[in-house]
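# Close look at the chain arrangement
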Amino acid sequence: MGVILNGKAFDLDDGATVEALIARLQLAGRRVAVELNGKILPRSQAGATRLKPGDAIEIVHAIGGG
Amino acid sequence: MSPDTAPSRPRVLERSGADRPLVIAGRSFTSRLLVGTGKYKDLDETARAIEASGAQIVTVALRRTNIGQNKGEPNLLDVIPPSRYTILPNTAGCYTADDAVRTCRLARELLDGHPLVKLEVLGDKKTLYPDMPATLAAAEELVKDGFEVMVYCTDDPIAAKRFEDMGCVAVMPLAAPIGSGLGIQNRYNILTIVENASVPILVDAGVGTASDAAIAMELGCDGVLMNTAIAEAKNPVLMASAMKHAIIAGREAFLAGRMPRRRYASASSPESGLPF
């Protein structure tokens with residue numbers, strides 16, 4: 001199925017969880033925050049949240065800034 | 001309250017020279033220098049400069065992860081660990097109140113519920129001046145949502161008071177445009193903001209060198225936040241150390257209370273008892 005990941009089209013397995021997406025991106029265990037369709041998705045819910053076609057996902061991390 | 005009747009903020013003039021800590025939202029800090037993590041050559045230089053600055057509060061930005069490009073790449077928060085530093089996520093790059101609020105919510109999730117944020121809502125790319133109506137709107141929403149807001153703003157004493165009244169935990173007027181290195185352009189406004197405030201006032205942005213930081217502290221500011229002045233110095237680690245000392249020197253000069261300015265000379269040696 002197709003989703004929008006960080007503003008770009010991205011293909012992943014039907015019914016994949018957010019946790020599975022994070023693992024596939026090799027971001028498991030890294031300090032990231034996830035927004036799903038404009039709302040924060042708490043880390044604790046990543047395993048139980050299944051993505052749907054067309055979902056918009058943002059995954060952010062901290063970088064240098066002032 | 002009219003300027004004539006406004007109480008001047010209490011000054012510490014202890015002979016011991018002992019200072020109070022900087023307290024922001026109930027957290028105490030001995031360092032009054034806050035530093036950013038942008039524009040460094042690499043994470044190693046970032047870590048060494050921050051170490052040399054003695055800063056305890058360190059700003060970071062939030063950006064999208066580079067999908068598929070950051071495997072094994074070191075992470076900023078590995079070299080600036082939240083267990084050691086108070087991380088202050090910013091909303092740099094946000095030009096609307098909504099984007100800034102959204103960024104703060106992502107930051108809170110990223111940092112396990114840590115509610116302290118540096119709010120900035122920018123007006124245009126050339127000046128990076130704050131969009132004050134949008135900043136006021138974002139601050140109001142963030143305070144309502146439980147954030148501890150340190151707000152980057154213009155050096156407008158009326159707006160500064162408004163941010164304080166709405167519950168911001170620190171007000172951070174600019175010295176000059178972000179990254180300009182021009183130093184404090186309106187020290188009388190900064191002074192007025194400091195005198196009227198009952199929350200910490202920190203100069204944020206525009207400092208270029210150590211004397212600029214010292215002037216901010218001599219005016220009575222509670223601290224200074226800077227990034228480019230350190231990161232763009234030819235030797236960032238040495239400049240970080242210079243800034244640490246400038247902040248301490250300026251603070252001590254403020255606490256000591258400077259001598260009055262005189263137009264003419266006042267001899268330092270006794271004028272009587274001369275041998276001729």
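Before reading further, recall that the structure is shown in the block above.
This is a predicted model, so every value here is computed, not measured.

## Here's the deal with the overall build of chain B
Counting its secondary structure elements, chain B contains nine helices and ten strands. For 276 residues, the compact-globule formula gives about 19 Å, and the C-alpha radius of gyration of chain B, at 20 Å, lands near that figure. With the C-alpha coordinates of chain B rotated into their principal frame, the extents come out at 85 × 45 × 35 Å. Counting the 276 residues in chain B, one finds 48% classified as buried. Within chain B, contacts between residues separated by at least 24 positions form 67% of all contacts whose residues are at least 6 apart in sequence. With the model as given, the accessible surface of chain B reaches about 13,500 Å², and the carbon-plus-sulfur share is 52%. Side-chain charges in chain B split into 30 positive and 32 negative, and the spacing between the mean points of these groups amounts to 3 Å.

## Overview of the interface of chain B and chain A
With 31 residues of chain B at the interface, the matching set in chain A holds 26 residues. Buried area between chain B and chain A, both sides added, is near 2,600 Å², and the carbon and sulfur share of it is 53%. Across the chain B-chain A interface, the total number found is five salt bridges. For the salt bridge of E58 of chain A with R64 of chain B, the shortest nitrogen-to-oxygen distance reads 2.7 Å. Inspection of the region where chain B meets chain A yields 16 residue pairs in polar contact (both at pLDDT 80 or more).

## With respect to the sheet that holds strand 6 (residues 116-119) of chain B
Either a parallel or an antiparallel arrangement is found when strands of a sheet pair, and the pairing is made through backbone hydrogen bonds. Residues and elements named next belong to chain B. Taken in spatial order, the three strands make up an open sheet running 6-7-8, and their pairing is parallel. Edge positions in the sheet fall to strand 6 and strand 8 (170-173), since each has one partner strand and no second. Here the average twist between neighbouring strands, direction ignored, is 15°. Bridge count between strand 7 (residues 148-153) and strand 8: four bridges; the pairing is parallel. Bridge pairing in strand 8 links Y152 to M172.

Thresholds applied
- Residues numbered from 1 in each chain as written.
- Chains lettered and ligands numbered in written order.
- Predicted model: local features only at pLDDT ≥ 70, side-chain atom pairs only at ≥ 80, totals over all residues.
- Heavy atoms only, no water.
- Helix = DSSP H or I, 4+ residues; strand = E, 2+ residues; numbered from the N terminus.
- Rg over C-alpha atoms; globule rule 2.2 N^0.38 Å.
- Buried < 20%, exposed > 50% of the residue type's maximum accessible area, 1.4 Å probe, protein only.
- Contact = heavy atoms within 4.5 Å.
- Areas by Shrake-Rupley, 256 points an atom, 1.4 Å probe, with all protein chains shown as cover.
- Lys, Arg positive; Asp, Glu negative; His and termini not counted.
- Charge placed at Lys NZ, Arg CZ, Asp CG, Glu CD.
- Buried area = accessible area lost by both parts, 1.4 Å probe.
- Salt bridge = Lys/Arg side-chain N within 4 Å of Asp/Glu carboxyl O.
- Polar contact = N/O pair within 3.5 Å; in protein donor to acceptor, adjacent residues only side chain to side chain.
- Pairing = 2+ DSSP bridges.
- Axes fitted to C-alpha atoms, helices over the stretch in contact; angles between N-to-C directions.

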